[in-house]
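Here is what each chain is made of, one letter per residue.
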Amino acid sequence: TQYNENYDHAMVTYEKAKKNRAFAQFLEKTQKETHEQKDLLAYLYLPVQRMLAYDSLLTDILQLTPVGHEDYTHLQNSLSALKDIQYSATLRAQQRKNINKVLSIQNNID
């Protein structure tokens, strides 16, 4: 959840860092040496992508599971818990953005 809160900031930081020639060269060199198809940005997005995938997978599994099956309630609880975590993370991220806006405005006034 904290990862999701800081994801936007990480993207901004990544884009700024890429403008540094030494950092950009390091990324390029590392990608070539490891023969990796994905760049660092793709890896930074993986945890976010996985949360979305888990939601989709659990929803699909739940729809295919008979209501009377012993796992049905556990699947419902898991999906509900995942959605609660996602909702909580969204709220905290919005709160953090609002706090950052207030601090930014305050810093501009001072």
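Before reading on, note that the structure itself is shown above.
All chains use their own residue numbering, which begins from 1 and follows the written sequence. Given that this is a predicted model, residues contribute local features only at a pLDDT of at least 70 and side-chain atom pairs are listed and counted only at 80 or more, while totals for whole chains, interfaces and linings are drawn from all residues. Side-chain metrics in this entry use all non-hydrogen atoms of the structure; hydrogen atoms and water are not considered.

**Student:** Talk me through the overall build of the protein; I want residue IDs and the actual numbers.
**Tutor:** The way it works is that DSSP assigns letters per residue, a run of H or I at least four long becomes a helix, a run of E at least two long becomes a strand, and they are numbered from the N terminus. When helices and strands are counted, the protein shows 4 helices and 0 strands. In this treatment the radius of gyration is a C-alpha quantity, and the globule benchmark scales as 2.2 Å times the residue count to the 0.38 power. For 110 residues, the compact-globule estimate of 2.2 N^0.38 gives 13 Å, and the protein exceeds it by more than 25% at 20 Å. With the C-alpha coordinates aligned to their principal axes, the bounding extent of the protein is approximately 60 × 45 × 15 Å. Residues count as neighbours in contact if any of their non-hydrogen atoms are within 4.5 Å of one another. Looking at the protein alone, contacts between residues at least 24 apart form 60% of all its contacts between residues at least 6 apart. For the protein, the computed accessible surface area is about 8,700 Å², with 57% contributed by carbon and sulfur atoms. If the 13 positive side-chain charges of the protein are averaged to one point and the 13 negative ones to another, these points end up 10 Å apart. Shrake-Rupley sampling with a 1.4 Å probe provides the accessible areas, and residues are treated as covered by the protein chains on show and by no other component. Under the counting rule used here, the positive set is Lys and Arg, the negative set is Asp and Glu, and His together with the chain ends is not counted. Where a charge sits is defined by one atom per residue type, namely NZ (Lys), CZ (Arg), CG (Asp) or CD (Glu).

**Student:** An account of the nonpolar core is requested, with residue identities and associated values reported.
**Tutor:** The term nonpolar core refers to a set of buried residues drawn from Ala, Val, Leu, Ile, Met, Phe, Trp, Tyr and Cys, joined through side-chain atoms within 4.5 Å. Working definition: with a 1.4 Å probe on protein chains only, accessible area under 20% of the residue-type maximum means buried, over 50% means exposed, and in between means partly exposed. By size, the foremost hydrophobic cluster in this structure holds 7 residues: Met-51, Leu-58, Leu-62, Tyr-72, Leu-75, Leu-79 and Leu-82. If you list the elements that add at least two residues to this core, you get helix H3 (40-64) and helix H4 (72-109). Once residues lying within four places of it in the same chain are set aside, the contact partners of Met-51 are Leu-82, Ile-85 and Gln-86.

**Student:** Quick one: what's the story with helix H2 (residues 21-34), residue by residue and with numbers?
**Tutor:** Note that an α-helix has 3.6 residues per turn; residues three or four places apart therefore point the same way. Expected span of a helix: the number of residues minus one, times 1.5 Å. Under the 1.5 Å per step criterion, the end-to-end length of H2 is 20 Å for 14 residues, consistent within 8% with the ideal 20 Å. You can read the cap of H2 off the contacts: a side-chain oxygen lies 2.9 Å from the backbone nitrogen of Ala-22, and it is on Asn-20. At the C-terminal side of H2, His-35 shows a positive phi close to 55°. Counted as a polar contact is a pair of N or O atoms within 3.5 Å, where, for protein atoms, one must be capable of donating a hydrogen and the other of accepting one, and residues adjacent in sequence contribute only when both atoms are in side chains.

**Student:** I'd like to hear about a nonpolar patch on the surface, residue by residue, with values.
**Tutor:** Residues enter a patch when their relative accessible area is above 30% and they make no salt bridge; the linking distance is 9 Å between like charges and 5 Å between nonpolar side chains (Val, Leu, Ile, Met, Phe, Trp, Tyr). We define a salt bridge as a side-chain nitrogen of Lys or Arg found within 4 Å of a carboxyl oxygen belonging to Asp or Glu. A contiguous nonpolar patch, built from Tyr-54, Leu-57 and Ile-61 and spanning about 300 Å² of accessible area, is present on the exposed surface. With respect to the helices and strands, Ile-61 occurs in helix H3.

**Student:** Describe the environment of Lys-18, and please don't skip the residues or the numbers.
**Tutor:** Note on placement: Lys-18 falls in helix H1 (residues 2-18). Given a relative accessible area of 36%, Lys-18 falls into the partly exposed group. If we skip the residues at most four places from it in the chain, Lys-18 touches Phe-23, Ala-24 and Leu-27.

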